[in-house]
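# Descriptive analysis of the structure
Chain residues, written in single-letter form:
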Amino acid sequence: MGRHFVSYFLIFLLCLTEIGLSRRAHWKKTQLIACEGCGMAPYKHLQPFIRYEAKKYQGLEVTFIPNEPPQLVFFDSRGRESERLHIGRMRVEEVRDILADHGLSKSGVQQEEQQRNVIARP
């Protein structure tokens, strides 16, 4: 009975891993929507991220719409809106985590890490 439990448990973990991987792979487009002007005053903590850092993410389109609060919109493989998250009250670290959980990463991140590893070697 112990062997069967371990086998079923491993199959269960494999299924969870597959579900997680497929979740990351099915986004056709991701959009960050925000107001560029004075409407961003309540979201000062996000301004540097939206203006400078967000454009470094592969597959993330930044769109400025007047009077819109900051939000992430995920579109499925058919181009339909699948998920919308209002990020105005989130910390920048939380937004980064959400993007990573949805399979988005910054351009050149791997290159930067490799360069740090080369420099860090004695």
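Owing to the predicted nature of the structure, the values given are computational and were not obtained by experimental measurement.

Procedures and definitions
- Residues numbered from 1 in each chain as written.
- Predicted model: local features only at pLDDT ≥ 70, side-chain atom pairs only at ≥ 80, totals over all residues.
- Heavy atoms only, no water.
- Buried < 20%, exposed > 50% of the residue type's maximum accessible area, 1.4 Å probe, protein only.
- Helix = DSSP H or I, 4+ residues; strand = E, 2+ residues; numbered from the N terminus.
- Pairing = 2+ DSSP bridges.
- Right-handed = clockwise from strand over helix to strand, strands pointing away.
- pLDDT = per-residue confidence, 0-100.
- Axes fitted to C-alpha atoms, helices over the stretch in contact; angles between N-to-C directions.
- Salt bridge = Lys/Arg side-chain N within 4 Å of Asp/Glu carboxyl O.
- Core = buried A, V, L, I, M, F, W, Y, C linked by side-chain atoms within 4.5 Å.
- Contact = heavy atoms within 4.5 Å.

### Details of the pairing of strand β1 (residues 29-34)
The element β1 is largely enclosed, with a buried count of 5 among its 6 residues. The pairing of β1 with strand β2 (residues 60-64) spans 5 bridges and is parallel. Bridge pairing in β2 places I33 opposite T63. Handedness of the crossover joining β1 and β2 through helix α2 (residues 47-53) is recorded here as right-handed.

### What to know about the confidence of the model for the chain
Summary statistics for the chain give a mean pLDDT of 80 and a share of 66% for residues scoring 70 or more. Taken element by element, the chain is modelled with least confidence in helix α4 (residues 109-120), mean pLDDT 51, and with most confidence in strand β3 (residues 71-75), mean pLDDT 97.

### A closer look at the sheet that holds β2
If you trace the 4 strands from one edge of the open sheet to the other, you get β2-β1-β3-β4, paired in mixed fashion. The open sheet is flanked by β2 and β4 (81-86), the only strands paired with a single partner. Along the sheet, successive strands turn relative to each other by an average axial angle of 20°, direction set aside. Where β3 and β4 come together, 5 bridges link them in antiparallel fashion.

### Some details on the pattern of salt bridges
All told, the structure shown has 7 salt bridges when counted by the stated rule. Across the pair E61 and K29 runs a salt bridge whose closest N-O atoms are separated by 3.9 Å. Of this pair, E61 sits in strand β2 while K29 is found in strand β1, placing the two residues 32 residues apart along the sequence. The exposure class assigned to E61 is partly exposed, which follows from its relative accessible area of 35%. The exposure class of K29 is partly exposed, given its relative accessible area of 33%. Of the charged contacts in the structure, one is a salt bridge between R91 and E94, with a shortest N-O distance of 4.0 Å. Overall, E94 belongs to the partly exposed group, its relative accessible area being 31%. A network of salt bridges, in which partner residues are shared, links E53, R96 and K106.

### A look at unusual backbone geometry
Unusually for a residue other than glycine, N67 sits at a positive phi of about 65°. On the secondary structure map, N67 appears in the loop between β2 and β3.

### Description of the nonpolar core
Ranked by internal contacts, the top residues of the largest apolar core, which has 20 residues, are L32, F49, L60, L72, V95 and L99. Listed by contribution, the elements that provide at least two residues to this core are β1, α2, β3 and α3 (92-101). Here this core gets 4 residues from one element, more than from any other, and that element is α3. Not counting the four nearest positions on each side in its chain, L60 is found in contact with T30, Q31, L32, A54, L72, L99 and L104.

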